[in-house]
Amino acid sequence: MRLLILIFLAYPILVFSEQEPHTENIDNDRLRISGFGTLGVTYAGKDNFGHHKELTHPGQFGNFSIFPDSVFGLQFDANLTSSLSATIQVIAEDTIKHDFNNIVDWAYLRYQISPNTVARAGRMGIDLFMLSEYRNVGYAYLWTHPVVEFYTPVSLSHYEGFDFSYSKSIEQGHLEFKVYGGQTGSDIRVSRGDFGIRMRPLFGAIASFESDYWKARITFATTKVASTRSTQLDRLLGALDQVPLSVWPQAPELSDLISGEGDQVYYYSIGMSYDKNAWLVQSEFALTDSEWPSVALTNGYLSLGRRVGPVTFYSIGAYAKSLDNPVAITPQLSQPALNRLQMLTHDSMNAIHIDQNTFSLGMRWDFHPQMALKAQWDHTWVRENGGGLLILREPLDRNITLNTFSVNLNFVF
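Cut-offs applied
- Residues numbered from 1 in each chain as written.
- Predicted model: local features only at pLDDT ≥ 70, side-chain atom pairs only at ≥ 80, totals over all residues.
- Heavy atoms only, no water.
- Helix = DSSP H or I, 4+ residues; strand = E, 2+ residues; numbered from the N terminus.
- Rg over C-alpha atoms; globule rule 2.2 N^0.38 Å.
- Buried < 20%, exposed > 50% of the residue type's maximum accessible area, 1.4 Å probe, protein only.
- Areas by Shrake-Rupley, 256 points an atom, 1.4 Å probe, with all protein chains shown as cover.
- Lys, Arg positive; Asp, Glu negative; His and termini not counted.
- Charge placed at Lys NZ, Arg CZ, Asp CG, Glu CD.
- Pairing = 2+ DSSP bridges.
- Arc of directions from axis to C-beta.
- Axes fitted to C-alpha atoms, helices over the stretch in contact; angles between N-to-C directions.
- Parallel < 35°, antiparallel > 145°, perpendicular 65-115°, else oblique.
- Left-handed = near helix turned anticlockwise from the far one by under 90°.
- Contact = heavy atoms within 4.5 Å.
- Nonpolar A, V, L, I, M, F, W, Y, C, P; charged D, E, K, R; others polar.
- Salt bridge = Lys/Arg side-chain N within 4 Å of Asp/Glu carboxyl O.

A. Fine view of the overall build of the chain. Within the chain one finds six helices and 20 strands. In terms of overall size, the chain behaves like a compact globule, its C-alpha atoms giving a radius of gyration of 22 Å where 413 residues would be expected to give roughly 22 Å. Along the first, second and third principal axes, the C-alpha atoms of the chain reach 75 × 45 × 40 Å. Among the 413 residues that make up the chain, the fraction classed as buried is 50%. About 19,100 Å² of surface is accessible on the chain, with carbon and sulfur atoms providing 59% of the total. One finds the centroid of the 31 positive side-chain charges in the chain at a distance of 1 Å from the centroid of its 42 negative side-chain charges.

Structure representation (C-alpha cells):
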C-alpha cells in the first residue's frame, strides 16, 4: 500500500510538469474523471507518545515520515440521465487497515428531484464539519492538515445511507437544509490497540448559509454504539465481568463505561468562515455528549489567515477536552491479582481522556493554479491523563509538550 501511494502521487506530478492539469471528459461530459493528492513530510511525536492526525493512521514516535499526510484520490462522476448521476471516489493512504471499506470512500447515486431538491443514496462523506466534503483534498483548505483537536476525535470518513437537501437563494445569500440517515463506523488505533467501532442508526440535520464572503452552518447528529471490536478491550472486559460484586462493586460500572455498546451519542457543532480580500477567518466548535466517556468532549478552533500576493500566512488556536474527569481507582493492595486488574483499568480509562491545546503557525504558497506548497508548525500542550488523542506506550502521568512539523505539496487535476 505504501508503494502504491508513492506511485500514484508521482504520476500526477509528472503530468503537471508537462502540461496544464485538467479534468478528463469522456462522451460529452457523461463521464468525468478528476483527482487530488498530497505528498507530505511530517515530523511528530516522542519515543513513548505517538502522534497521529487521524485515529485511522499509525502513530509517529519522534520520527520523520512521508505517509501520515500523503494521500491520493480519484473521483469518477457519470451522468446516467438528465436527473440521475453516480459518483465513486477511491482513496490511497496509509491506514491501519487496507480493505474495501477504507479504499472506496464514496459510492452513491444522486437524483435531482427538483431544481432546489436533491436526494442521494449509497456511501457518502459524513457531513459533520465544514471540511466534510473535502477532508482528504488538502488543496481545498488552508492548512497542511485538518485541525487535530477538532477533526481527529471523529475519525469517520463516510457513512452508508441517504440524504435529502433543499436549497434556496435569498437576497442575502444562499440557504441549504439537509437531513441524512444510515450507519457508520471506523477502524482506528488507540493506546489500547487496534479498535473497530460500528454505529447505527445514524441521523443528522444541517442548516447552512453562504454569501459572497461568509459561510455559516449548524449541525446536529445522533447515533448509537452498535458494536466495538478489540482484542485487548475484550480481555479487559472479560476480566472485569468475572470479578465478584462483593469483591469490587465498581467493576460492572467500569466495564459498561469502557465498552460503550448501546450508548447513544449526540453531536452538536457550529462553524463559520469569512473570506474577503486579504483576510481569511474560520472557526468551528462542537460538543459531543454521551454516557460513553471515549467520545464525550468539547472541542474547537479559530484560524486566522492573511494573504500577501500568492502566499498566505496563518495561525490556529485549538483545544479538545473530555467532559468527564480522569477516573480515580484505589487499588486494594491486599489482593495482588485484583490490584493488577485495577491498575490496568485505571490506565485504560485515563488513556482515553483528552485534555490538550495546540497553537500553530503556517504558510501556503499558491505557485500554480492547481498546486499549493504548505508548511506548518504545531506546538501542543497535553496535560496529565489527557493523552486520548495520542498513542501511549506508558501512562501519561505528567504534562508534556509536542512539536509537529509538516511540509506538503497539494494538487488537483
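B. Representation of the pairing of strand β5 (residues 71–79). Judged from the eight bridges that link them, strand β2 (residues 31–44) and β5 form a sheet pairing that is antiparallel. Within the sheet, the bridge partner assigned to S34 lies in β5 and is Q75. Bridging between β5 and strand β6 (residues 84–93) involves nine bridges; their strand directions are antiparallel. By the bridge assignment for β6, L74 is matched with V90. The loop that links β5 with its antiparallel partner β6 comprises four residues.

C. Region of interest: the pairing of strand β10 (residues 173–190). Relative to β10, strand β9 (residues 158–170) runs antiparallel, the two sharing twelve bridges. The partner of E160 across the bridge, within β10, is Q183. Between the antiparallel neighbours β9 and β10 lie two residues. In this sheet, strand β11 (residues 193–210) lies alongside β10 in antiparallel orientation, the contact comprising 16 bridges. Directly across from V190, in β11, lies its bridge partner G193. In textbook terms, the turn of a hairpin is the stretch between consecutive antiparallel strands, and for β10 and β11 this stretch comprises two residues.

D. Focus on helix α4 (residues 231–241). Buried within α4 we find L233, L236, L237 and L240. Projected onto a plane normal to the axis of α4, the buried residues spread over an arc of 95 degrees and lie on a single side.

E. Quick look at the environment of I33. On the secondary structure map, I33 appears in strand β2. Distance from I33 to T345, taken between C-alpha atoms, is 50 Å for residues 312 residues apart in sequence.

F. A look at the packing of α4 against helix α5 (residues 251–259). Where α4 meets α5, the axes come as close as 9 Å, and the angle between the chain directions of the two elements is 160 degrees. On the basis of the axis angle, α4 is roughly antiparallel to α5. Every pair of crossing elements has a handedness; the one defined by α4 and α5 is left-handed. Of the residues in α5, those in contact with L233, L236, L237, L240 and D241 of α4 are A251, L254, S255, I258 and S259. Class assignment for the residues of the contact of α4 with α5 results in seven nonpolar, two polar and one charged.

G. Structural detail: the pattern of salt bridges. Counted under the stated rule, the structure contains 16 salt bridges. Between D187 and R198 there is a salt bridge, and its shortest N-O distance comes to 3.5 Å. Separated by eleven residues along the polypeptide, D187 in strand β10 and R198 in strand β11 bring together distant segments of the chain. As a salt-bridge pair, D366 and R364 come within 3.0 Å of each other at their nearest N and O atoms.

This is a description of form; function is not addressed.
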